Amino acid sequence: MATCCDKRSEIPHNSDNIKRVALVGNPNVGKSVLFNALTGAYVTVSNYPGTSVEVSRGNASIDGETWQVIDTPGMYSIHTITEEERVAREILLNESPDVVLHVLDARNLERMLAMTIQLIEAGLPVVLVVNIMDEAERMGLTIDLDLLQQRLGIPVIGAATARKRGLDEIRRAVLDYRRGTPGHFAYSRLLEKDIALVTQHMSGSYILSRKSLALLLLQQDEEITALFKQWDREGYAELAEKVREIAFERRESFHLDLSLERKDIVRKLIKDVIVAPEKRVITWAERVSTLAVRPVTGIPLLLIVLYFGLYKFVGQFGAGTVVDFLEKRLFEALFNPWITGVVKAIIPWAIIQELFVGEYGIITLGIRYAVGIILPIVATFFIFFSFLEDTGYFPRLALLVDRLFKYIGLTGRAVIPMVLGFGCDTMATMVTRTLETTRERIIATLLLALAIPCSAQLGVILGLLSKAPGALMVWGVCMLLLFIVVGLLASKIMPGESPMFYMELPPMRMPQLGNVLTKTYTRMQWYFMEILPLFILASVLLWLGKVTGFFEKMIEAMTPVMASIGLPKETAVAFIFGFFRRDYGAAGLYDLQSKGLMNARQLTVAAVTLTLFIPCIAQFMVMKNERGWKTASAIGVFVSLFAYGSGFLLNKLLLLTGMLA
Amino acid sequence: MKLSEKAEEILEALWVAVEEEGQAFLDPDTMGFPVDDPSYRELTGHAFIEVRQGMVYLRTEGREEGKNTIRRHRLAERLMMDVLNIRGEDGDHRACQFEHLLNEGVDAKVCTMLNHPTTCPHGKPIPPGVCCDEARAKGDLGIVPLTEFKSGQEGEIAYIQTEDNKKMQKLMAMGVLPGNKITLVQSFPSYIFRVGYSEFAIDTNLAKEIFVRK
């Protein structure tokens, strides 16, 4: 990540003559909304700080001119601490955008202006967008943007991008941007002297101003230090010496001093710019927020959310009503017989017919699973998830569970990947990168791979086990127990310090239906791009296996393994399915159960084992991408053995106690 | 009036012997300062002590001054340990040097910063000063970690105490800067505080490191 080009001349600047505009700012100030509005493209927007972990790019046509718009992850300061912040700064360092739009939250102007100062000081072409003006106004704040613009010496625009306010002005400002003479913000004499001592030793011309770089060096910014090593090969030693000297002298409180000086500069800047009301205006959103974060009301609220959202909406409506309709009425009763007839009429060869419409046919199995079973469950889950996300409920849930999550080596922050895991573990594994430490990421990845069933799987398993009383209970208790035990063990075994929890609580908002639907749609799209090919591939492989007889052999080979955990040999099919996707495997169980091949005990053992069992191929690939081969393989092997072991023990236990007999 | 360092030390030892250990007098030899040391003359000049038959007695007039010197000594010890994190013998030694700087109101400032401690690191009582009584009368909590605030209580951030630079920067990025107003919204299961118009949630470990005054 930290591989930057070593000389400014090599920067891919305007190679295609397209101008660039970069969006930067604190997390959760509406950069992505603005990006979408400017480009007409879509990146996920949410009311959860730190959702954009990647850089998004899109083109915008402004007055016939094409601009490339770059959306960056949230950053608090030009001196970066987290991985996302580094990613964001890379854009500023490597791509020299023609305009930098600093987006900030009007309500927190005072806090966030500190970064505007840094951007201006760095010599970047900054345009300030004071966003979320509508909510600020509702709170009774008045902001004198003209005065602010005058003092900052850069264009300042008030906006409420979520309400489409200020968009034209922003476009105009980008188009008309001319480098003016922005304000100069002086620090104390002492600090200015130290800065001068450092800049003296700089010889090149750099992408950021010398002053800004000197401050970054003094803050011991590793990346910038490394860059200087390359930039100023000869002069570097002297520069480094000077920096070390000053940094040592001010070791007690350099960061604090700098922050305080900037705070002071900002305080002077906003004098008379912001007028706050005498009394805090308490909005309804704040009242709801209070309910959500107090344990006494928060826990019942969580249960209500889970009951209506997950159980009623996703479970009963999505996995029940809609699946029944699509799978039974549409596919089995109408579509499958019809398509089977069509295919048989067109293709004379039985073997090829099998490929499309046989037992494991691409259409009769692959498409039916994907559209009939998986689609409704995943769709309802994503609607539920996106809705909650936009209300701003998740950060509140995070702080509610932080204490408990600490026991399993995670912080409240992990609540997002964990909840998302109930939708799609693959997507959730990708999101684990928002966690702070490698330790947390590995533990979260492991738990997702092992104990969190994805929605498709969950839906099928709920449907499956609800027919055998007690089975669902045994399965649920097993999963919860294993989740806790593995989490506790992992937090004990994994080296590294215990993580800290901090999170901004965005205001609670009523989600906009359009946004929820678009978000669900993009997530669905991603999901289907990911799974449909796998379903088809699985069908083809299964067909090949059947035709060549390899499949039979494999089932035979797996029979003793299946038998050792008390399962009939036909379950091997489900487990082989499960290798492609866990939900696919669960759907396989569904078929077996409808054929009456399994009793309650076997069903439960199979469900537990399969839930724990190796993640689907897609998740494994993401694990490899995010955590590297070694960790991914280690987790893979552990999960397989653990799943088998748990199945074995559970079977023995159930036989011994006679439960579910 | 400012006593010499040596005189202060004699007065301290004498005060401890008389007020805390219940002795009537002190033998100059056990203190390590021979009786002909000019410091004794300095102290008798102020009528703080009396030297009779080679033994040193504390006079009523010297009680108050003795109490104040011991108070400064023990405050210095606390300062070394709590704030400067210098412990053990080194801490004691430095405290001895430091205490002499704590006069003329500086002791009250240090005492307030340390939030009016009642015992020294060795468990001995620190005699309360005027500032302590005032604070108690006003019910002033002084500077406390955020964890000591009640929900809904408002205050000002005094300082952040953390060894971890990254933590410090994170807190500062959230607007936790000395001088900013802060309101504790909730303290369980996590701490929620408000700075400006933003709310943040943090865990106990972070909350312990933010020091606030009411």
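Residues numbered from 1 in each chain as written. Chains lettered and ligands numbered in written order. Predicted model: local features only at pLDDT ≥ 70, side-chain atom pairs only at ≥ 80, totals over all residues.

**Overview of the sheet that holds strand 2 (residues 56–62) of chain A**
Residue and element names in this part refer to chain A.
Argument step 1. Spatially, 2-3-1-4-5-7 is the arrangement adopted by the 6 strands of the open sheet, whose pairing is mixed. Each of the sheet's edge strands pairs with one partner strand only, and the pair in question is strand 2 and strand 7 (156–158). Each strand of the sheet is rotated relative to its neighbour by a mean of 25°, with strand direction disregarded.
Argument step 2. Across 3 bridges, the pairing between strand 5 (residues 126–131) and strand 7 is parallel. Its bridge partner lying in strand 7, Val 129 is registered against Ile 157.
Argument step 3. Here helix 3 (residues 109–121) sits on the sheet and contacts strand 4 (99–105) and strand 5; the angle it forms with strand 4, its principal contact strand, is near 165°. (Pairing = 2+ DSSP bridges. Helix = DSSP H or I, 4+ residues; strand = E, 2+ residues; numbered from the N terminus. Axes fitted to C-alpha atoms, helices over the stretch in contact; angles between N-to-C directions. Contact = placed C-beta atoms within 7 Å.)

**Side note on the domain arrangement of chain A**
Argument step 1. Considered domain by domain, chain A is made up of domain 1 (8–175), domain 2 (189–275) and domain 3 (295–496 + 514–657).
Argument step 2. The straight-line distance from the C-alpha centre of domain 2 of chain A to that of domain 3 of chain A is 51 Å. (Domains from an automatic or database assignment.)

**Some remarks on the pairing of strand 1 (residues 49–52) of chain B**
Argument step 1. Direction of pairing for strand 1 of chain B relative to strand 2 (residues 55–58) of chain B: antiparallel, over a ladder of 4 bridges. Counted as the bridge partner of Arg52(B) is Met55(B) from strand 2 of chain B.

**Notes on the interface of chain B and chain A**
Argument step 1. Of the residues lining the interface, 27 residues belong to chain B; the matching set on chain A comes to 28 residues.
Argument step 2. For the side of chain B that touches chain A, the secondary structure elements donating two or more residues are helix 8 (165–173), strand 7 (198–202) and helix 9 (204–207) of chain B.
Argument step 3. Per-element tally for the side of chain B that touches chain A: the top contributor is helix 8 of chain B, with 8 residues.
Argument step 4. Class assignment for the residues of the side of chain B that touches chain A results in 14 nonpolar, 8 polar and 5 charged.
Argument step 5. One ladder, built from 4 bridges, connects strand 9 (residues 502–505) of chain A with strand 7 of chain B; its direction is antiparallel. Across the sheet, Met503(A) pairs through a bridge with Ala201(B), a residue of strand 7 of chain B. (Nonpolar A, V, L, I, M, F, W, Y, C, P; charged D, E, K, R; others polar.)

**Looking at the domain arrangement of chain B**
Argument step 1. Annotation of chain B at the domain level lists domain 1 (1–140) and domain 2 (143–213).
Argument step 2. Taken over C-alpha atoms, the centre of domain 1 of chain B sits 36 Å from the centre of domain 2 of chain B.

**Remarks on the packing of helix 13 (residues 295–346) of chain A against helix 20 (residues 455–465) of chain A**
All names here are of chain A.
Argument step 1. Two numbers describe how helix 13 lies on helix 20: the axes approach to 10 Å, and their chain directions differ by 80°. Here helix 20 runs roughly perpendicular to helix 13, going by the angle between their axes. Only Ser 455, Gly 459, Leu 462 and Gly 463 of helix 20 make contact with helix 13, whose side of the interface consists of Val 314, Gly 315, Gly 318 and Ala 319.
Argument step 2. Here the residues of the contact of helix 13 with helix 20 sort into 3 nonpolar, 5 polar and no charged. (Parallel < 35°, antiparallel > 145°, perpendicular 65-115°, else oblique.)

**Description of the sheet that holds strand 4 (residues 154–160) of chain B**
Pairing between the strands of a sheet is mediated by backbone hydrogen bonds and can be parallel or antiparallel.
Argument step 1. In spatial order, the strands read 9(A)-7(B)-6(B)-5(B)-4(B)-8(B)-3(B); together these 7 strands make up an open sheet with antiparallel pairing. Each end of this open sheet is capped by a strand with a single partner; those strands are strand 9 of chain A together with strand 3 (143–145) of chain B. Between one strand and the next, the sheet's axes are offset by a mean angle of 40°, whatever the strand orientation.
Argument step 2. In this sheet, strand 6 (residues 191–195) of chain B lies alongside strand 5 (residues 181–186) of chain B in antiparallel orientation, the contact comprising 3 bridges. Counted as the bridge partner of Gln186(B) is Ile192(B) from strand 6 of chain B.

**Remarks on helix 14 (residues 350–357) of chain A**
Residues and elements named next belong to chain A.
Argument step 1. Those residues of helix 14 lying buried are Leu 355, Phe 356 and Val 357. What you see down the axis of helix 14 is that its buried residues fit within an arc of 160°, all on one side. Away from the buried face of helix 14 by more than 90 degrees, exposed residues Ala 350 and Ile 351 are located.
Argument step 2. Buried positions along helix 14 lie against helix 13, helix 15 (362–391) and helix 22 (513–548). (Buried ≥ 20, exposed ≤ 12 C-beta atoms within 10 Å, placed from the backbone. Arc of directions from axis to C-beta.)

**Looking at unusual backbone geometry**
Argument step 1. Geometrically, the link from Phe188(B) to Pro189(B) is a cis peptide bond, its omega value of 0° lying close to zero.
Argument step 2. With respect to the helices and strands, the residue Pro189(B) is situated in the loop between strand 5 and strand 6.
Argument step 3. Of note in the backbone geometry, Ile132(A) takes a positive phi value of approximately 60° without being a glycine.
Argument step 4. Position of Ile132(A) relative to the elements: it lies in the loop between strand 5 and helix 4 (133–138).

**Describing helix 1 (residues 31–39) of chain A**
Residues and elements named next belong to chain A.
Argument step 1. Most of helix 1 is tucked away, with 7 of its 9 residues classed as buried.
Argument step 2. For helix 1, the secondary structure elements touched by its buried residues are strand 1 (19–24), strand 2, strand 3 (65–71) and strand 4.
Argument step 3. Trailing helix 1 by a residue or two, Gly 40 shows a phi angle of about 75°, which is positive.

**Structural notes on the nonpolar core**
Argument step 1. Formed by 219 residues in total, the largest nonpolar core has its most connected members in Val130(A) and Ala607(A).
Argument step 2. Filtering out sequence-adjacent residues up to four positions away, Val130(A) remains in contact with Leu104(A), Ala106(A), Leu109(A), Ile143(A), Leu145(A), Val156(A), Ile157(A), Gly158(A) and Ala159(A).
Argument step 3. Ala13(B), Tyr40(B), Leu43(B) and Ile49(B) belong to the second-largest nonpolar core, a separate cluster that totals 14 residues. (Core = buried A, V, L, I, M, F, W, Y, C linked by C-beta atoms within 7 Å.)

**Remarks on the confidence of the model for chain B**
Atom-level detail of predicted coordinates should not be read off regions where pLDDT is low.
Argument step 1. For chain B, the mean per-residue pLDDT works out to 85, and 98% of the residues sit at or above 70.
Argument step 2. With a pTM of 0.79, the predicted complex shows an ipTM of 0.83. (pLDDT = per-residue confidence, 0-100.)

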